[in-house]
Amino acid sequence: MGLTPSMNYRAEIDGLRALAVLAVLLFHAGLGVQGGYVGVDVFFVISGYLITGLILQDMAQGKFSLRAFWDRRIRRIMPPLVVMLLVTLAAGWLLLLAEDFKELGQSAVAQALLLSNVFFWRESGYFEQSADLKPLLHTWSLAVEEQFYLIFPLVLMALRKFFPALMRSLVLLLLVTSLVIGIYWCRTRPEAGFYLLPSRAWELLIGALLAMSPFTFSPSRRWLPELLGLVGLGMILYAVFAFNNRTRFPGEAALLPCLGSALVIACGTRSMAGRLLALPWLVGIGLVSYSLYLWHWPLLVFSKYWASVPLTVWHRILLLTATGILAALSWKWVEQPFRKRVVFGSRRSIYAFAAACSGLMIVLGCALHLLHGVPARIPAAAQIYAAGRSDSIFRKEVSLEQAQRGDFVTLGGKEQRPPGVLVWGDSHAMALLPVIDELCKDKGVQGFAAVHYQTPPLLSYLPTGPYSLKDKTPMFGAAVLDFVRSKKIPKVVLTASWNYYFEGDNGSKIRQSLLDTVTALKNAGASVWVMEDVPSQPFDVPRRLAAEVMFYHGDVNLIGLPLTTHRADSVQQHDVLQSLAPQHYTLLDPAGIFLNPQGLCRVAANGRTLYTDSSHISTQGARFLRPLVTSIFD
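Structural notes, computed from the coordinates. (Residues numbered from 1 in each chain as written. Predicted model: local features only at pLDDT ≥ 70, side-chain atom pairs only at ≥ 80, totals over all residues. Heavy atoms only, no water.)

1. Here's the deal with the overall build of the protein
Put simply, the test is: Think of it this way: any DSSP run of H or I at least four residues long counts as a helix, any run of E at least two long counts as a strand, and we number them from the N terminus. Under the convention used here, a 1.4 Å probe and the Shrake-Rupley method define accessible areas, while residue burial counts only the protein chains that appear. Asp and Glu are treated as the negative residues and Lys and Arg as the positive ones, with His and the ends of the chain left uncounted. We put the charge of a Lys on NZ, of an Arg on CZ, of an Asp on CG and of a Glu on CD.
Each helix and strand in the protein was counted, giving 28 helices and 10 strands. Its C-alpha atoms give the protein principal-axis dimensions of about 85 × 50 × 45 Å. As presented, the protein carries roughly 27,000 Å² of accessible surface, and 62% of it is formed by carbon and sulfur atoms. Here the protein carries 56 positive and 42 negative side-chain charges, and the mean point of each set is 10 Å from the other.

Right under this line is the structure:
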């Protein structure tokens, strides 16, 4: 069958590991490698190739066993991972706010159960904390590989027993199926497409198929592996430097680095690419690549967690240097003793070690969950500021189907009252709703909200954000307009994160769409108010305020974006919105309400945060705007 590859050590594969891990580290450190995330995909191909080759080699020799296979996997993966987890939990105790420490414990449990990727998929969402501040986020890729290691050996055993002549064809079928799922999910369920095994398995299966069908080259065609290896390396490097955060990924875009990796592996040192990758310094980095990957992310996260300004280039270089030192120590004192069976040499002892460590992670993680992240570690004032993250009571978007049924968010209580106002916008409109709700109650009217993430209140504008309605936006707008007309809503407030939409537009398109929208609403019988966006702060406000209490002991009134900077950042928004007022609508500008005597846009009042993050106002912040929005109800 030709399925008995000889898996001798190949230095160029360690060099390919080095290329992959360097791409990931430079990308995460923000050092000019915008597509460096493809390094993970290169790792997947390498892993699929090596694991499948070892399994087939053992099967051909009649000595394959699942217990021996998983013994090797435990020794390779678990010891440095456990050390990193314990150190990260200890650092979390010292550095993280209660809610984040609680989530760290939850993610540790997920990793112990080999479900880290599922956990972070379920945790992904519009209002979730930035992925940049989750210390164990990088373990999602380990979970994908671990799940593959659990399932694929069983698949190979079944295929070898029942369909030996069809092994390659059936693995190819699995590969194509997974690729199709990945491409489909990348368009319809991007978070699932990124994190989950069904949409990622094809990358490992490319390596598996390569191990099952090794390339052979005629001696008379030495130029062919030379060419193909260089093409493969070029494909990887192109993805590393040309891809960015706007690239739809993984999907079909991941084919480029994955097929490139397969070509490099297939051609080996018969190609210049392989010989370059076999250079000793690259091989050395490749040998410690696993520990490099494990340590770099927690160091970056903890360094950014309390920073009120972005880390400088020199800070990031210093962090990567520290990562290299930790990786070298981990490789020498943790990886090598376990892999050479110096410690826990027997199979029974390594399984006991794995069970004990997994149990410990589960116990610690569950304790952090049940203790809510041990908030007693944090001063009371800092806890109050930190709790402001969840100080929002209207984080509920309206779907297109709900809008077409007239099922909008209700304000002012459930009692039947005459319609008074409708608020239309995105998540920044949601943040305004608490004060509108209170004013509706005070004025004895009913209010409504037509709100959806990353979707502006414009009839003819198509947003592209991952959480937006995209091409369904015009239908949503038409449903809102029908509702205003049928319910005879007298007043409509349009508000959104206007700057977000202006970033990808020169203003003329938004101006025309806004004019069309306002005209349609006025023709439906409504008076229109447009509210400019609140000042967007350059930091996570609750965390920055907590830091002021815990570390700096300064005056919170001296924290905040200067009003002059806000005006400069919002000049396009202000000019466009101002150009149509007051002829077409009443314009509301919240910046003056936020201004404090120091000339800053305030972030706190009465010991509470006015924001839930850097740009969404809290319930307290919405109430702070009451003097401004009361005029709507006059």
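2. Description of the packing of aromatic side chains
How we decide: To pair, rings of Phe, Tyr and Trp, with the six-membered ring standing in for Trp, must have centres within 6.5 Å; the planes then decide the type, stacked if under 30 degrees apart, edge-to-face if over 60, and tilted in the middle. Any residue under 20% of the maximum accessible area for its type is buried, any over 50% is exposed, and the rest in between are partly exposed; the area is computed with a 1.4 Å probe on protein chains only.
All told, the structure shown has 25 aromatic pairs when counted by the stated rule. Seen in terms of ring centroids, F338 and F353 are 5.0 Å apart; in terms of plane orientation they differ by 40 degrees. Their pairing is tilted. Taken together, the residues F338 in helix 15 (residues 313–339) and F353 in helix 16 (residues 347–370) connect sequence positions 15 residues apart. Residue F338 is classed as buried on the basis of its relative accessible area of 10%.

3. Brief notes about the nonpolar core
Our working rule: By nonpolar core we mean a set of buried residues, namely Ala, Val, Leu, Ile, Met, Phe, Trp, Tyr and Cys, connected to one another through side-chain atoms within 4.5 Å. Contact definition: two residues touch when any of their heavy atoms are within 4.5 Å.
By size, the foremost hydrophobic cluster in this structure holds 112 residues, and its most contacted members are L16, L81, L97, L205 and I265. Ignoring sequence-local partners within four residues, the contact set of I265 consists of R10, I13, L16, V45, I46, Y49 and L210. Residues A449, L545, I559 and L628 belong to the second largest nonpolar core, which totals 86 residues.

4. What about the side chain of S289?
Where we set the bar: Here a polar contact is taken to be a pair of N or O atoms separated by no more than 3.5 Å, where protein atoms must pair a possible hydrogen donor with a possible acceptor and residues adjacent in sequence count only if both atoms sit in side chains.
As for its position among the elements, S289 is in helix 14 (residues 289–305). On the accessibility criterion, S289 (2% relative accessible area) is buried. A distance of 2.8 Å separates the side chain of S289 from the backbone oxygen of G286, its partner in a polar contact. If sequence neighbours within four positions are ignored, S289 has contacts with R17, V21 and F43.

5. Quick notes on the pairing of strand 3 (residues 446–451)
Selection rule: For two strands to count as paired, DSSP must find a minimum of two bridges between them. Classification remark: right-handed applies to a crossover when, strands pointing away from the viewer, the course from the first strand over the helix to the second runs clockwise.
Summarising burial for strand 3: 6 of the 6 residues are buried, a large majority. Bridge count between strand 1 (residues 409–411) and strand 3: 3 bridges; the pairing is antiparallel. Note that in strand 3 the partner of L411 across the bridge is G447. For strand 2 (residues 419–425) and strand 3, the ladder comprises 6 bridges, and the chain directions are parallel. The partner of L422 across the bridge, within strand 3, is F448. As for the winding sense of the linkage, the β-α-β connection from strand 2 through helix 19 (residues 427–443) to strand 3 is right-handed.

6. Here we look at the packing of helix 3 (residues 66–95) against helix 15
Note the threshold: Axes here mean lines fitted to C-alpha atoms, for a helix over just the part in contact, with angles spanning 0 to 180 degrees between N-to-C directions. An angle below 35 degrees is read as roughly parallel, one above 145 as roughly antiparallel, one from 65 to 115 as roughly perpendicular, and any other as oblique. A crossing counts as left-handed when the near helix is turned anticlockwise from the far one by less than a right angle, and as right-handed when that turn is clockwise.
Close contact between helix 3 and helix 15 brings their axes to 9 Å; oriented N to C, the two are set at 140 degrees. The orientation of helix 3 with respect to helix 15, classified from their angle, is oblique. Helix-helix and strand crossings are classified by hand; for helix 3 and helix 15 the assignment is right-handed. Note on element contacts: helix 15 touches helix 3 through S330, V334, E335, F338 and R339, opposite R75, R76, P79, P80 and V83.

7. Here we look at the packing of helix 5 (residues 116–123) against helix 6 (residues 139–162)
The cut-off we apply is this: Nonpolar residues are Ala, Val, Leu, Ile, Met, Phe, Trp, Tyr, Cys and Pro. Charged residues are Asp, Glu, Lys and Arg, and all others, Gly as well, are polar.
Between helix 5 and helix 6, the least distance of the axes is 7 Å, while the angle of their chain directions is 130 degrees. Taken together, the axes of helix 5 and helix 6 lie oblique to each other. Of the residues in helix 6, those touching helix 5 at S116, N117 and F120 are T139, W140, A143, V144 and Q147. Looking at the contact of helix 5 with helix 6 residue by residue, the classes come out as 4 nonpolar, 4 polar and no charged.

8. A word on the environment of W121
Looking at the element boundaries, W121 is found in helix 5. Spatially, the C-alpha atom of W121 lies 26 Å from that of P375, the residues being 254 residues apart in sequence.

9. Observations regarding helix 11 (residues 255–267)
Rules: Multiplying 1.5 Å by the residue count of a helix minus one yields the expected span of that helix.
Taking 1.5 Å of rise per residue, 13 residues should cover 18 Å, and helix 11 covers 18 Å from first to last C-alpha, within 8% of that figure. Of all the 13 residues making up helix 11, 10 are buried; the element is thus mostly covered by neighbouring parts of the structure. Those residues of helix 11 that are buried are in contact with helix 1 (11–28), helix 2 (39–60), helix 9 (197–212), helix 10 (223–242) and helix 12 (272–277).

10. Brief notes about the layout of surface pockets
The condition that has to hold: Cavities and pockets were defined on a 1 Å grid built from protein atoms only: a cavity is a group of points that admits a 1.4 Å probe but offers it no way out, a pocket is an open group of points flanked by protein on both sides within 12 Å along at least five of seven lines, and a lining residue is one with an atom within 4 Å of any such point. Grid points are joined across faces, edges and corners, and a volume is the space filled by probe spheres set on the points.
Size it by volume and the second largest pocket reaches roughly 940 Å³. Around the second largest pocket, the lining is made up of 35 residues, and of these R17, L50, R73, R76 and R339 lie nearest the centre. Secondary structure elements with two or more residues in the lining of the second largest pocket: helix 1, helix 2, helix 3, helix 6, helix 13 (280–287), helix 14 and helix 15. Counting residues per element, the lining of the second largest pocket draws most heavily on helix 2, which supplies 9 residues. Residue composition of the lining of the second largest pocket, by class: 18 nonpolar, 7 polar and 10 charged.

11. Considering a nonpolar patch on the surface
How we decide: A patch consists of residues whose relative accessible area exceeds 30% and which take part in no salt bridge; residues with like charges are grouped when within 9 Å of each other, and nonpolar side chains (Val, Leu, Ile, Met, Phe, Trp, Tyr) when within 5 Å. One side-chain nitrogen of Lys or Arg within 4 Å of one carboxyl oxygen of Asp or Glu is enough to make a salt bridge.
On the surface, L230, M272, L276, L279 and W281 cluster together into a nonpolar patch covering about 470 Å² of accessible area. Following the sequence through the fold, L276 ends up in helix 12.

12. Things to note about the sheet that holds strand 5 (residues 527–531)
Strand order in the open sheet formed by 6 strands is 1-3-2-4-5-7, and the pairing between neighbours is mixed. Where the open sheet ends on each side, the last strands, each with one partner, are strand 1 and strand 7 (586–588). Looking at each pair of strands side by side, their axes are set apart by 25 degrees on average, direction ignored. Of the strands in this sheet, strand 1, strand 2, strand 3, strand 4 (491–495) and strand 5 touch helix 19, which is tilted by about 170 degrees from strand 2. Each of strand 2, strand 3 and strand 4 touches helix 20 (residues 473–487); the most contacted strand, strand 2, lies at about 170 degrees to it.

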